[in-house]
Amino acid sequence: MSERLARALQRTQREVRDFFDRYLEVPNDERGRLVDAMRYAMLGGGKRVRPLLLVATAELYGVERAAAVRAGCAVEAIHVYSLIHDDLPCMDDDAVRHGQPTVHLRFDEATAVLAGDSLHAFAFELLADPAMSSDPFVRAELIETLARASGHAGMAGGQMMDMAAEAEGARQFDLQAVTRLQQMKTGALLGAAVEMGAILARVPDEGRAYLRAYARDIGLAFQIADDLLDVEGDEAKAGKALRKDEDAGKATFVSLMGVDAARRQAHALSEQAIGHLAAHGAQDSLLADLARYIVERDR
């Protein structure tokens, strides 16, 4: 990881933590347990790659940082809600997240469901508030972009396909199907973060093509790197259970391509993503650093 990226990640992690610490105050009534669970999930760790993607994109165009951080927190709220629900017994049934008990084990299943639901709602509350932008058209486009990336055409749809991949086994899912699955489950929210940074800058739709291409490539590279970590990673560093995909017989990039080919593909996608930036003079940027980090990380 470059020194510049390390500083940027630390700053973004601090800003996201401070934002949610400030806005998720625990009420002195029966809702206290729910907000405690929301805070536990939001403040318990995480790399904050999605907020940093949004902030780094916005900074290319000189957007005010506070606005970019607020929008990044909306994306992160969606991401964390998805992790809470994914960890539930009815989904992936995980016991550890970021090195600590998952929300449904630390609290209970019903509270975990409500905490995820509340973070989902909170994300759109952040974007709809006039504090997000004085331009209602910008707010509406931010909301539309995040909603599309979160629902059946994006992250939730990808999770449904992922469950089908496990139920039906690797024989039913070829490389094309797994790529589509991961473009929805993982790539859609990463892509939304990049797109929302451009929306804040009022970049016209036709001017975002290179950013969409960049986001598409890093989204796939990110998931291939995750699949490699699931096979080769250290659970202590990852802060979660590994090697579950192989045990479940699930089709992944690694199971379909092999370790070496998957690693080469991840690096090729990273370089291709940086190439999209180079065509617009942004090759020496945090976005380029992130593209490299995504395939080099060890957790």
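In short, a report on the structure. (Residues numbered from 1 in each chain as written. Predicted model: local features only at pLDDT ≥ 70, side-chain atom pairs only at ≥ 80, totals over all residues. Heavy atoms only, no water.)

## A few points about the layout of surface pockets
- Considering only enclosed or pocket space, the second largest pocket measures out at about 460 Å³ in volume.
- Around the second largest pocket, the lining is made up of 24 residues, and of these Arg 148, Ala 188, Gly 191, Ala 192 and Glu 195 lie nearest the centre.
- Going through the elements one at a time, α7 (136-150), α9 (175-200) and α10 (209-232) are the ones with two or more residues in the lining of the second largest pocket. (1 Å grid on protein atoms, 1.4 Å probe; cavity = no way out; pocket = protein on both sides within 12 Å on 5 of 7 lines; lining within 4 Å. Points joined across faces, edges and corners; volume = space filled by probe spheres on them. Helix = DSSP H or I, 4+ residues; strand = E, 2+ residues; numbered from the N terminus.)

## A short note on the packing of helix α3 (residues 49-60) against α10
- Where α3 meets α10, the axes come as close as 13 Å, and the angle between the chain directions of the two elements is 155 degrees. Of the possible angle classes, the one that applies to α3 and α10 is roughly antiparallel. Two packed elements cross with a definite hand, and for α3 against α10 that hand is right-handed. Mapping the contact onto sequence places Arg 50, Leu 53, Thr 57 and Leu 60 in α3 and Tyr 210, Leu 211, Tyr 214, Ile 218 and Phe 222 in α10.
- Among the residues making up the contact of α3 with α10, the classes are represented as seven nonpolar, one polar and one charged. (Axes fitted to C-alpha atoms, helices over the stretch in contact; angles between N-to-C directions. Parallel < 35°, antiparallel > 145°, perpendicular 65-115°, else oblique. Left-handed = near helix turned anticlockwise from the far one by under 90°. Contact = heavy atoms within 4.5 Å. Nonpolar A, V, L, I, M, F, W, Y, C, P; charged D, E, K, R; others polar.)

## Section: the packing of aromatic side chains
- Counted under the stated rule, the structure contains four aromatic pairs.
- On the basis of an interplanar angle of 75 degrees and a centroid distance of 5.7 Å, the ring pair of Phe 19 and Phe 20 is categorised as edge-to-face. Phe 20 shares its class with Phe 19; the two are buried.
- An angle of 25 degrees between the planes, with centres 4.3 Å apart, marks the rings of Phe 19 and Tyr 23 as stacked. One end of the pair is Phe 19 and the other is Tyr 23, both in helix α1 (residues 3-23) and four residues apart, which spans about a single turn.
- Of the residues examined, Tyr 23 reaches a relative accessible area of 39% and is grouped as partly exposed.
- Taken together, Phe 19, Phe 20, Tyr 23 and Phe 122 form an aromatic cluster joined through their ring pairs.
- In this structure, Arg 106 packs its charged tip against the face of Phe 107, placed 4.8 Å from the ring centre. (Phe/Tyr/Trp six-rings, centres within 6.5 Å; stacked < 30°, edge-to-face > 60°. Buried < 20%, exposed > 50% of the residue type's maximum accessible area, 1.4 Å probe, protein only. Lys NZ or Arg CZ within 6 Å of the ring centre and 35° of its normal.)

## Details of the nonpolar core
- By size, the foremost hydrophobic cluster in this structure holds 95 residues, and its most contacted members are Phe 20, Leu 53, Leu 146, Met 196, Leu 200 and Tyr 214.
- Broken down by element, this core gets its largest block of residues, 13 residues, from α9.
- In contact with Leu 53, other than residues within four places in its own chain, are Leu 190, Ala 193, Val 194, Tyr 214, Ile 218, Leu 287 and Leu 290. (Core = buried A, V, L, I, M, F, W, Y, C linked by side-chain atoms within 4.5 Å.)

## With respect to the pattern of salt bridges
- Under the criterion given, the structure shown has 26 salt bridges.
- The salt bridge involving Arg 216 is made with Asp 217; its shortest N-O contact spans 3.4 Å.
- Counted as one network, the salt bridges with shared partners bring together Glu 141, Glu 195, Asp 205, Arg 208 and Arg 212. (Salt bridge = Lys/Arg side-chain N within 4 Å of Asp/Glu carboxyl O.)

## Quick word on the packing of α3 against helix α4 (residues 65-86)
- Relative orientation of the contacting elements α3 and α4 amounts to 150 degrees, with a least axis distance of 8 Å. On the basis of their axis angle, the class for α3 and α4 is roughly antiparallel. Taken as a pair, α3 and α4 cross one another with a handedness that is right-handed. Residues Arg 50, Pro 51, Leu 54, Val 55, Ala 58 and Glu 59 of α3 pack against Arg 65, Ala 68, Val 69, Ala 71, Gly 72, Val 75, Glu 76 and His 79 of α4.
- The residue makeup of the contact of α3 with α4, split by class, is eight nonpolar, two polar and four charged.

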